[in-house]
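Spelled out from the first residue to the last, the chains are:
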Amino acid sequence: MLPLIEREITETKKWIDKEEFLDIVGISQSMPGVMILNVATTVGYKISGLSGAVFACLGAILPPFISIVLAGWFFIKAKDSLAVKKIFSGVRPAVIALIAIAAFNLSKAAKINKLTFFVLSSVILAIVLLNVNPLYVILSAIAINIFYAAWAIEIK
Amino acid sequence: MILIHLALSFIRVGLLGFGGGYAMIPLIQQEVLKFGIQGPEFIDILAISQMTPGPIGVNAATYTGFKVAGLPGSFISTFSNVLPTFIIMIIVAKLFYRFRKNAFVETFFKGIRPVFIGLIAASACVMVKDIKLWADYKAILIFIVVLIAGYRFRVNPIFLILLSAITGFLIY
């Protein structure tokens with residue numbers, strides 16, 4: 001999806017240049033939320049302020065919103081039919097595999113070392129074996145990394 | 001009342017889901033328990049979110065809202081899911097040039113990344129437990145084929161979902 005957006009914004013419409021677009025993508029990736037929406041919001045804001053941001057974001061949300069509501073309406077109606085039950089029995093393991101793939105791809109991109117592998121596996125164990133709420137894992141990770149980042153900059 | 005609960009849940013998800021749609025999955029998995037959605041039902045939400053265009057995290061929010069409270073629910077959930085980042089991104093866009101090469105921000109996100117990878121992997125493990133994947137050899141087969149096709153051969157996820165839907169229809 002990203003190359004499509006890049007072409008539309010930097011070549012077809014010439015709203016901003018390529019370099020600035022890449023910067024926006026870089027920042028959008030490290031913010032909470034979905035990258036594509038963050039890109040849309042920032043580009044919209046750069047072009048025409050707050051209203052630009054609102055409309056760019058709405059434009060990016062609306063098509064998936066409509067299709068999910070239609071699909072949802074259909075599947076809720078049909079959920080007791082035998083065909084839909086069979087279909088979902090086949091789809092469930094595929095969905096789990098796709099999530100596992102996402103985790104693999106992310107860890108490849110993040111260049112896992114010994115320390116990050118330890119962090120990663122402790123998180124898995126805490127959630128799967130100890131049933132820890134992911135919310136607490138994230139909040140403590142945020143707290144620890146704020147201190148760590150402050151300390152790392154201090155000694156530089 | 002249920003709409004307020006949906007709003008609070010998805011504001012939390014939107015605010016803490018660093019690193020894209022997949023990072024929201026473990027958070028949503030936890031939040032939907034409050035609405036009585038668990039196990040296979042949650043996996044079905046993800047299946048539909050994966051099949052429809054758009055980011056999986058936002059789609060899952062929209063569909064959860066729809067399941068719990070109809071059209072108003074889907075509207076509130078989507079809006080709440082997007083709102084926190086929207087506000088953050090406006091602030092970032094304002095400060096953009098100061099923000100661009102900030103060592104603090106960079107170190108912070110580098111540190112937080114493995115935690116989210118662990119969370120995503122853990123959510124997959126929880127789902128394996130939820131549907132007792134090991135007890136069904138057909139499901140194991142689909143799981144392995146999709147894993148290899150998607151990871152090693154980079155086959156499109158939507159295509160894989162459709163294929164496993166057809167397979168499910170034929171073999172179950």
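See the structure shown above.
Each value, and the rule that gives it
Residues numbered from 1 in each chain as written. Chains lettered and ligands numbered in written order. Predicted model: local features only at pLDDT ≥ 70, side-chain atom pairs only at ≥ 80, totals over all residues. Helix = DSSP H or I, 4+ residues; strand = E, 2+ residues; numbered from the N terminus. Buried ≥ 20, exposed ≤ 12 C-beta atoms within 10 Å, placed from the backbone. Contact = placed C-beta atoms within 7 Å. Nonpolar A, V, L, I, M, F, W, Y, C, P; charged D, E, K, R; others polar. Axes fitted to C-alpha atoms, helices over the stretch in contact; angles between N-to-C directions. Parallel < 35°, antiparallel > 145°, perpendicular 65-115°, else oblique. Left-handed = near helix turned anticlockwise from the far one by under 90°.

Quick look at the overall build of chain B
Here is step 1 of the chain: When helices and strands are tallied, chain B shows 7 helices and 0 strands.
Here is step 2 of the chain: Ordering the α and β elements of chain B from the N terminus gives α-α-α-α-α-α-α.
Here is step 3 of the chain: Each principal axis of the C-alpha atoms in chain B carries an extent, and together these give about 55 × 40 × 25 Å.
Here is step 4 of the chain: The buried share of chain B, taken over its 172 residues, is 53%.
Here is step 5 of the chain: In chain B, of all internal contacts separated by at least 6 residues, the share reaching a separation of at least 24 is 59%.

A closer look at the interface of chain B and chain A
Here is step 1 of the chain: Each partner contributes residues to the interface: chain B has 86 residues there, and chain A has 75 residues.
Here is step 2 of the chain: Examining the composition of the side of chain B that touches chain A, we find that 22 residues originate from one element, helix α5 (residues 103-130) of chain B, more than from any other.
Here is step 3 of the chain: Class assignment of the residues belonging to the side of chain B that touches chain A gives a composition of 59 nonpolar, 23 polar and 4 charged.

Overview of the packing of helix α1 (residues 2-12) of chain A against helix α2 (residues 18-30) of chain A
Residue and element names in this part refer to chain A.
Here is step 1 of the chain: Where α1 meets α2, the axes come as close as 10 Å, and the angle between the chain directions of the two elements is 140 degrees. Taken together, the axes of α1 and α2 are oblique relative to one another. In this structure, α1 meets α2 at a crossing whose hand is right-handed. Side by side, α1 and α2 meet where L2, E6, I9 and T10 of the first sit next to K18, F21 and V25 of the second.
Here is step 2 of the chain: Per-class residue counts for the contact of α1 with α2 are 4 nonpolar, 1 polar and 2 charged.

So, to be careful, I would describe these as geometric facts and stop short of saying anything about function.
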